[in-house]
Amino acid sequence: MAAPELDPKSFFSLKSYHVSEELGFVLSDPLETLPPYYMPWMDIALQIPELVQSHELRIRINKMPLLSSRFLQKHRELRLARLALSMMTMGYIWQEGEDNIVEMLPHNLAIPYWEVSQRLGLPPILTHADSVLANWKKKDVQGPFTMENLELLITLPGGDSAEGFFLVTLLVELAGAPANIPNVINGVRCGDTEAVATALEAISQSIQAMTEALKWMHEYVKPAVFYGVMRIFLSGWKDNTCMPNGLVYEGVQTEPMAYSGGSAAQSSLLHCFDELLGVKHKEQSGAFLTRMRKYMPPSHRQLIQDISLQPSLKSFVQRQGSERLNEAFQDCLTKLLAFRNHHINTVSRFITVPAARARQRTGSDGELISKAPTALEERGTGGSGYMTFLKTVRDQTKGTLLPETMQQNEK
Ligand code: HEM
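Just so you know, these numbers come straight off a predicted model, no measurement behind them.

**Describing the coordination of the iron atom of the ligand**
1) Next: For the iron atom of the ligand, the sole protein-derived donor is His-343 (NE2), lying 2.1 Å away.
2) Next: If you trace the backbone, His-343 turns up in helix H15 (residues 323-360).

**Things to note about the UniProt feature "binding site: heme b" (unreviewed entry) in the chain**
1) Next: As recorded in UniProt, the sites labelled "binding site: heme b" (unreviewed entry) are His-343.
2) Next: With residues up to four places along the chain from it excluded, the contact list for His-343 reads Leu-214 and Leu-390.

**Some thoughts on the environment of Phe-11**
1) Next: By secondary structure assignment, the location of Phe-11 is in the segment before helix H1 (39-45).
2) Next: The exposed category is assigned to Phe-11, whose relative accessible area is 67%.
3) Next: Other than its neighbours up to four places away in sequence, Phe-11 contacts Asn-186 and Arg-189.

**Looking at unusual backbone geometry**
1) Next: The phi torsion at His-55 lies on the positive side, around 60°, for a residue other than glycine.
2) Next: Looking at the element boundaries, His-55 is found in the loop between helix H2 (48-53) and helix H3 (57-62).
3) Next: Positive phi is not limited to glycine here, since Asp-239 has a value of about 50°.
4) Next: Assignment of secondary structure puts Asp-239 in the loop between helix H10 (223-234) and strand S4 (248-249).

**Describing the packing of aromatic side chains**
1) Next: Using the criterion set out here, one finds 10 aromatic pairs in the structure.
2) Next: Judged by centre distance (5.8 Å) and plane angle (25°), the ring pair of Phe-12 and Tyr-17 falls under stacked. Tyr-17 carries the same exposure label as Phe-12, and that label is buried.
3) Next: Arranged with centres 5.4 Å apart and planes meeting at 65°, the rings of Phe-165 and Phe-166 form a pair that is edge-to-face.
4) Next: With a relative accessible area of 18%, Phe-165 lands in the buried category.
5) Next: A relative accessible area of 2% means that Phe-166 is categorised as buried.
6) Next: Ring pairs connect the aromatic residues Tyr-37, Tyr-38, Trp-41 and Phe-71, which therefore count as one cluster.
7) Next: Note that Arg-58 overlies the ring of Tyr-92, its terminal NZ or CZ placed 5.8 Å from the centroid.
8) Next: Lying across the ring of Phe-145, Lys-138 places its NZ or CZ 4.2 Å from the centre.

**Side note on the layout of surface pockets**
1) Next: Its volume calculated, the largest pocket comes out at about 1,100 Å³.
2) Next: Taken together, 50 residues form the lining of the largest pocket, with Ser-263, Ala-264, Ala-265, His-343 and Leu-390 sitting closest to its centre.
3) Next: Of all the elements in the fold, those that place two or more residues in the lining of the largest pocket are helix H6 (128-133), helix H7 (159-175), helix H9 (193-220), H10, helix H11 (268-277), helix H12 (283-292), H15 and helix H17 (386-399).
4) Next: By residue class, the composition of the lining of the largest pocket is 26 nonpolar, 17 polar and 7 charged.

**With respect to empty space enclosed by the protein**
Any empty space left between the atoms is revealed when a probe the size of a water molecule rolls over them.
1) Next: In this structure the tally under the stated criterion is 2 cavities of 30 Å³ or more.
2) Next: Approximately 30 Å³ is the volume attributed to the second largest cavity.
3) Next: Looking at the second largest cavity, the residues that line it are Gly-176, Ala-177, Pro-178, Ala-179, Asn-180, Ile-203, Ser-206 and Phe-273.
4) Next: Its residues assigned to classes, the lining of the second largest cavity shows 5 nonpolar, 3 polar and no charged.

Thresholds applied
- Residues numbered from 1 in each chain as written.
- Predicted model: local features only at pLDDT ≥ 70, side-chain atom pairs only at ≥ 80, totals over all residues.
- Heavy atoms only, no water.
- Donors = N, O, S within 2.8 Å, 3.2 Å for Na, K, Ca; no water.
- Helix = DSSP H or I, 4+ residues; strand = E, 2+ residues; numbered from the N terminus.
- UniProt positions renumbered as here; feature names shortened; annotations may be inferred.
- Contact = heavy atoms within 4.5 Å.
- Buried < 20%, exposed > 50% of the residue type's maximum accessible area, 1.4 Å probe, protein only.
- Phe/Tyr/Trp six-rings, centres within 6.5 Å; stacked < 30°, edge-to-face > 60°.
- Lys NZ or Arg CZ within 6 Å of the ring centre and 35° of its normal.
- 1 Å grid on protein atoms, 1.4 Å probe; cavity = no way out; pocket = protein on both sides within 12 Å on 5 of 7 lines; lining within 4 Å.
- Points joined across faces, edges and corners; volume = space filled by probe spheres on them.
- Nonpolar A, V, L, I, M, F, W, Y, C, P; charged D, E, K, R; others polar.

Below, the structure is given as structure tokens:
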């Protein structure tokens, strides 16, 4: 997909980045089926939890025919094929948990997976763009985007909690759809203070709606299931002591390759807001977030890059001396800070607390939790030393606030 040209005089629009005003980065109308030739993939992909449970997934994948990816033509076909192949790969690698790890993905899965990934410009591992953005359907097509009216196309072990985890994340994405970012950029370009303030007010509401949606995680996902069952299936083979050498993709390359696991750190939303508002992440946390951009669809990555090349919004706000604009800018940062604080609480509830219970073998969910992989205790599925990272990112957001609000926040 060619990167859109950035002409500072042209009108900034989301269209050229394959981002919609209504759905943001979410893929619109994902396909539910592939052409019949690809039935062997879909047959397996649709039964991953059951096949993992019966320890048959690897056997079924080993017997799968080697199919050519050349009959996949449309973007949506490629996305569904990648979703199916990614989910199968995670199931294949982690079927036995941390025991009996395989270090080679068989050629009948690895070759088409590599080809499809190359065509989409994504690394050959499950990403947020697959498991969340391209993994939904509405039960009633005319109905709303609600938990009740949504379901996944393909899932991993973890039952209702797995479904809840991916669908709540989808709702967070939808709540934050960055429709107003172009209005901010275009307003700054033509010096329209009121237009920029209006767009920032809408963005701050979207970020607040993201926080509200994130709260549903507590309702739809059980921490013990997330920690003890699901998390390993999102893990990658980079910075993971279980697979220190990475994974050999048979028939693609003889040397192993290392990739980070799926994480919403790969969502383009917060990267866009950070670039727009001038939140800069440095050193290790900055390096990790920059690396996560390689796990996003290229056009989404390009949008983030192009936002970062715009004249500074913060300087514009400071120059204009408008109280309304000042407040709208500050409010966006305050809401972003609140999102990150709530996210840290969520992470604590879904990882830190179960990890402590697992070490002490306590709690009614003790058995589930104690099966959790020990290599992941200190790390997020994206492979970060997560708490230090998340707090640094949060503090960087706070550090971007204009001085008066910082003082109010201290009170
Ligand atoms: C049970 C729910 C969740 C848990 C346990 C969780 C956990 C984590 C962890 C451990 C990290 C550190 C990076 C890594 O190694 O993966 C992270 C980063 C991140 N997560 Fe989540 N997450 C959850 C839900 C979400 C949702 C729904 C979103 C919204 C899209 C989100 C957005 C982010 C972002 C943007 C980062 C990068 C850090 C930042 O920009 O603040 N997370 N998450």
